[in-house]
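Examination of the molecular architecture
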Protein chains: 4
Amino acid sequence: MFTVTTFGESHGPAMGCVVDGCPPGLALAESDIQADLERRRPGKSRHTTPRNEPDQVRILSGVFEGQTTGTPIGLLIENKDQRSRDYSKIRDKFRPGHADYTYQQKYGIRDYRGGGRSSARETTMRVAAGAIARKYLRTRLGVEIHGYLAQLGPIELAAHDLAAVEHNPFFCADPDRLPELEDFMDELREQGDSIGAKIAVLASGVPPGLGEPVFDKLEADLARGLMSINAVKGVELGAGFAAVRQRGSEHRDELSPDGFNKNDAGGTLGGISSGQDILASIALKPTSSISAPGHTIDRDGKATEIVTTGRHDPCVGLRATPIAESMVALVLIDHFLRHRAQNADVERSTPVVPAANRD
Amino acid sequence: MFTVTTFGESHGPAMGCVVDGCPPGLALAESDIQADLERRRPGKSRHTTPRNEPDQVRILSGVFEGQTTGTPIGLLIENKDQRSRDYSKIRDKFRPGHADYTYQQKYGIRDYRGGGRSSARETTMRVAAGAIARKYLRTRLGVEIHGYLAQLGPIELAAHDLAAVEHNPFFCADPDRLPELEDFMDELREQGDSIGAKIAVLASGVPPGLGEPVFDKLEADLARGLMSINAVKGVELGAGFAAVRQRGSEHRDELSPDGFNKNDAGGTLGGISSGQDILASIALKPTSSISAPGHTIDRDGKATEIVTTGRHDPCVGLRATPIAESMVALVLIDHFLRHRAQNADVERSTPVVPAANRD
Amino acid sequence: MFTVTTFGESHGPAMGCVVDGCPPGLALAESDIQADLERRRPGKSRHTTPRNEPDQVRILSGVFEGQTTGTPIGLLIENKDQRSRDYSKIRDKFRPGHADYTYQQKYGIRDYRGGGRSSARETTMRVAAGAIARKYLRTRLGVEIHGYLAQLGPIELAAHDLAAVEHNPFFCADPDRLPELEDFMDELREQGDSIGAKIAVLASGVPPGLGEPVFDKLEADLARGLMSINAVKGVELGAGFAAVRQRGSEHRDELSPDGFNKNDAGGTLGGISSGQDILASIALKPTSSISAPGHTIDRDGKATEIVTTGRHDPCVGLRATPIAESMVALVLIDHFLRHRAQNADVERSTPVVPAANRD
Amino acid sequence: MFTVTTFGESHGPAMGCVVDGCPPGLALAESDIQADLERRRPGKSRHTTPRNEPDQVRILSGVFEGQTTGTPIGLLIENKDQRSRDYSKIRDKFRPGHADYTYQQKYGIRDYRGGGRSSARETTMRVAAGAIARKYLRTRLGVEIHGYLAQLGPIELAAHDLAAVEHNPFFCADPDRLPELEDFMDELREQGDSIGAKIAVLASGVPPGLGEPVFDKLEADLARGLMSINAVKGVELGAGFAAVRQRGSEHRDELSPDGFNKNDAGGTLGGISSGQDILASIALKPTSSISAPGHTIDRDGKATEIVTTGRHDPCVGLRATPIAESMVALVLIDHFLRHRAQNADVERSTPVVPAANRD
């Protein structure tokens, strides 16, 4: 019901998207979207790619006198810092661990400049569209969505202080560990290598009832949305893979009028939100854009070597937090609208149980 | 393009589905489907629910003179062993860890008999539809899909012997460990408790080019399909969460004319299949249907206790292997047809690189 | 949001469908559906095909204790009167004006028995699903949907008496003309020929606001739904093709607090319902199943002749009224749910203008 | 499979769209699209609105080195001639026969400037996207799509000379009648009134097999696409409403190895293209933007009068031909891709019968 259609290549003239199905009457300005774009924007610290994009979004339609009208919202960001350079090295070779080879096999043609459509630059539009969804969810339903860095390579991080997330370049909620993260990244950058990361997203205030029973379970659509982010290799809800070792007597969250006793389920039961916090985690692989040479083939299938140069993030996970939050927001608003379509006139007799306390 | 629409409750008259978009000319008999249903069927060993369903499928349409016609395939399985019993205990109370509470909040009404639509019985139709997809993939494209039990509670299992999977009730590819599994399950059943599990699915022979670049990445749709299976709390592709600790120099799979050097990606790059084996893993939670009493509320929101009786699987993971295989098959055939729609006339000049050897 | 997925061939074991997205809490019994099926059923007068099908529908899921649960509703009708006969005449030849040739070219295989999937028997499921939609629309929104025969060959009919429609085999609202219709059909049957017809459908009580601005206009989805009925070759809304000759000063329906002054628009403006009656008309071609021999080709492409025997309707339009009503109902409920999804919290300040009086 | 997502309001900064699913490797330049936009562009003769828009399209993505890449094609046209004027007259009143009232009731808010989203300006993007579809259909499949004016008010026109269509402002294929059309329009403009029109679209070279058997019949999707064009009130295929008076012996198109004997079906049988020419007609209502005052209500529901001033087309049908052609192209390419998805490996044994000769 809330659909996002995007376009744009890394080195094309612009990135854009169309947001369809947004409820009318939502106060919306470019600054609402810009704020989230800033959080994702590269070039803000030495730990991310030095590509410097202002990422200034324009609303081209669907907003009138400061409010959404219910018609499609067109968004556009012009690409500015497309450094013109020699792409001949990657034009005829496939970077290992990249989409170069698969795009070539699928389409027989590819825009190799900066990764083209496979570039992480595509995620600007997820963030832009997600900002609209977040504003609706927050102002109309009281849903708050917060992501944070849960692990950087071997460094596992706590989530003590969600307020700290916005004040460091790592989206880290464990601020005492910041020096450790800084050192790790500095060393990594010197080595010309990259590292994986784990991001968690928490959505509170989600009403019970969102999601569908079978194929369109809320957790299924969350998994799809999150796994569709570049570099994601795993998705967990609640206890996630830790549930493999759990017993039923340990895993199940008990209910009482005062609330759930804990949150191992991660906010859904049988595909439908329970009123618990939605808690999702994702694993991001280390980017393959590293300076160490790698074995590969060229377009004729012959063996060769390649070195990836250019401007790259040594840890794509560092900028993934606002993207993951956006995907959660998009899935939630879509299911909220779907739920309302079918069930707006349901009279509920059972009181809503509060979410479990976090910690 | 290959769509599956299912219906049916655990204690209703029948389970059914409609498979739309199957290519015509595929030889198909009920026995093709029955074979996979047998693998999922309960009551085959003492480790699964004693509910005994013959699960005899009928093809009601879409097949003529032994071949698919391209029109919708209607499938039906009548429910036989719906033990009539007293449901009053769960009619007015919500079992913790179950969908009882969320269905009630969503719909204001629920079929509480045996879990209704939230019952794992729903997965019969995934297996039935998946069997059609598998047959097409195998006979037309040479794709083979094999799942196995990768972990049962604390017991991690190897995948030495995929041929053994069909000859034990655990779908275990590590047959030396079978006595250990038997003992673990026997003890668990005595305790009236349940346990989580991890299942892996391997699809070989998948051609490069399946999947879409952004929201409909192959891994995204695999994650959605797998996370939509009852009790699944996590999905991984390739290295999965292990990628969090990896460096880029370690994670990337290098290419040569002789093949990929390994398979940490799990078969996709940038959302599109690479010709590597698809390797997906899922975490299944321990079922909440255990004999230990649990705190909960009733329909009026008052505190109460509940004991789940009836026939249940102590490890839903034990029967999940054919279901997970089916979901992988359904996602692959859908993306194969989508790929063919857009790219049937692409002329590829780059040779296909062989998959990495498994070990 | 309200989706109907059907399956079944004319001479297969059963026809069936799955209705997804029905709001919960709707009182629903098989008799609700059966009533509309009876109206469509063949064999009720000498003017329709003598095939005699009891068309007894079974609800297989989605209804519990007499109410819809919000989960998929499975419906099944077993085929009974599949007269076993010699199909060799049409197995290898294509009946002109039939789907035989196009199915063969599309799929390379076809179920030629009784037309297979292309048989009008497929419409049983539209009527069954439509009955659910109608009941919701009527009981929750006060929407009434009435169809009638507007023209039979050269005989143009008025709509003086909608109450008469249910009391004659022609769905004729101009009861004085019944003898004329009877005579026309008797003569036609003697000649072994068939005739076209025009059906109109009127939906009153439709709230303003249903429909989308551009591609999913309410009139566009009505046109799609109605044109998808077998044998339909034209669809009109309101003035329809008569609008070609109209001037703007004549066509536009003026508004006042007392209501619209007339209804040339047919109930929508700019893709969205206006609160006027929805008024749609369809043209049905004369069936090609006539006894006069026709030129055609066989499966090898050689010239041949064919005579269509068997049991057929000389005017498929005579049984099309309940089908057309059902399609209108399905489109309306879908757009009602979509509208509610996006706009449930819109506060309207402008009063709703009454529909124009019919005359 | 070939999807078009549009956005933009008449007086907003830009119109845009995203075309998804276009096959890769199609040579495409902005000039390919511009040519069709020119045909739709206003201000080319005195018979259309004097609004003067250059309608210069930019391709923002999906094309690399002159070829489509298979990724989304973003298109943008900036609005230039948004004459700033006083909208207070229509801000608080609903023009009869316009979408003003229905948008207000649906969304509770509307962009009243120039009709906002309901403006015919929206159709620029249909034409832009349609140009891509047409180029693919023409260059890869040999499909040619030609529309023409079939009737203007009372003046019925022949289709003798399709080549003449591009050389007059009426898209008229009956060039001897041009003076009559000029006179009619001049008189109408003096009267400040508007008139309806009928447009026909002919698509030749369509291969047999496109379309689906039941709800997604080719004719159903054509009807939807055509009825979704602003001001369309009726759609016909082949004989259309004339079929109501036909007998089966008259309507059916007979086949022979030399071809179909005529084309009353309009190119489809049972929802699937037959290889005949697709022949569709649409009725366009006279625009309600006329200078004669009309009764209406204001936003508070009170009775009032309104005069529509501004720049308007006295016959929206005059510019509808390229729009209708585009919708036919979009439906055909979508069904071509869908057909290929399911049936790419069908081996046909029956030769394709030629289309009937046009006369």
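Structure shown above.
These notes cover the structure that comes with them. (Residues numbered from 1 in each chain as written. Chains lettered and ligands numbered in written order. Predicted model: local features only at pLDDT ≥ 70, side-chain atom pairs only at ≥ 80, totals over all residues. Heavy atoms only, no water.)

A few words on the interface of chain C and chain D. If you look at the interface, chain C gives 111 residues, while chain D gives 112 residues. Buried area between chain C and chain D, summed over both chains or domains, comes out near 8,800 Å², and the portion from carbon and sulfur atoms is 59%. Run the count over chain C and chain D and you get 8 salt bridges. Glu212(C) is the salt-bridge partner of Lys106(D), the closest N and O atoms lying 3.9 Å from each other. At the boundary of chain C with chain D, the tally comes to 55 residue pairs in polar contact (both at pLDDT 80 or more). Here the residues of the side of chain C that touches chain D sort into 45 nonpolar, 39 polar and 27 charged. (Contact = heavy atoms within 4.5 Å. Buried area = accessible area lost by both parts, 1.4 Å probe. Salt bridge = Lys/Arg side-chain N within 4 Å of Asp/Glu carboxyl O. Polar contact = N/O pair within 3.5 Å; in protein donor to acceptor, adjacent residues only side chain to side chain. Nonpolar A, V, L, I, M, F, W, Y, C, P; charged D, E, K, R; others polar.)

Bringing the nonpolar core into the picture now. Membership of the largest hydrophobic core comes to 304 residues, with the highest contact counts inside it found for Leu75(B) and Leu75(C). Broken down by element, the residue count for this core peaks at 13 residues, all from helix α8 (residues 320-343) of chain A. Apart from the residues within four sequence positions on either side, Leu75(B) is in contact with Met15(B), Gly16(B), Cys17(B), Val19(B), Ile33(B), Val57(B), Arg58(B), Ile59(B), Met125(B), Ala128(B), Ala129(B) and Ile132(B). (Core = buried A, V, L, I, M, F, W, Y, C linked by side-chain atoms within 4.5 Å. Buried < 20%, exposed > 50% of the residue type's maximum accessible area, 1.4 Å probe, protein only. Helix = DSSP H or I, 4+ residues; strand = E, 2+ residues; numbered from the N terminus.)

When their charged atoms lie close together, side chains carrying opposite charge are able to pair. Under the definition given, this model contains 114 salt bridges over all chains. As a salt-bridge pair, Asp216(A) and Arg338(A) come within 2.8 Å of each other at their nearest N and O atoms. Here Asp216(A) is found in the loop between β9 (197-204) and α6 (218-227), whereas its partner Arg338(A) is found in helix α8, with 122 residues between them in sequence. Residue classification places Arg338(A) among the buried positions, given a relative accessible area of 17%. Across the pair Arg177(C) and Glu180(C) runs a salt bridge whose closest N-O atoms are separated by 2.8 Å. For Arg177(C), a relative accessible area of 24% translates into the label partly exposed. Taken together, the shared-partner salt bridges connect Asp36(A), Arg39(A), Arg134(A), Glu166(A) and Glu325(A) into one network.

This part covers the relation of the copies chain C and chain D. The operation relating chain C to chain D is a screw motion whose rotation component is 180 degrees, with 0.0 Å of axial translation and a residual RMSD of 0.0 Å. On this basis, the relationship between the two copies can be described by a two-fold rotation axis. Across chain C, the rotation axis passes nearest the C-alpha of Arg224(C), at a separation of 2.3 Å. (Least-squares fit on C-alpha atoms with pLDDT ≥ 70 in both.)

With 35 residues of chain D in contact, the opposing surface of chain A contributes 35 residues. Both sides of the chain D and chain A interface together cover about 2,700 Å² of buried area, and 67% of this is carbon and sulfur. Inspection of the region where chain D meets chain A yields 0 salt bridges. Elements that contribute at least two residues to the side of chain D that touches chain A include exactly β1 (3-7), β2 (14-20), β3 (57-59), β5 (67-68), β6 (73-78) and α3 (100-107) of chain D. Its residues assigned to classes, the side of chain D that touches chain A shows 14 nonpolar, 12 polar and 9 charged.

Treat this as a map of the structure, not an account of what it does.
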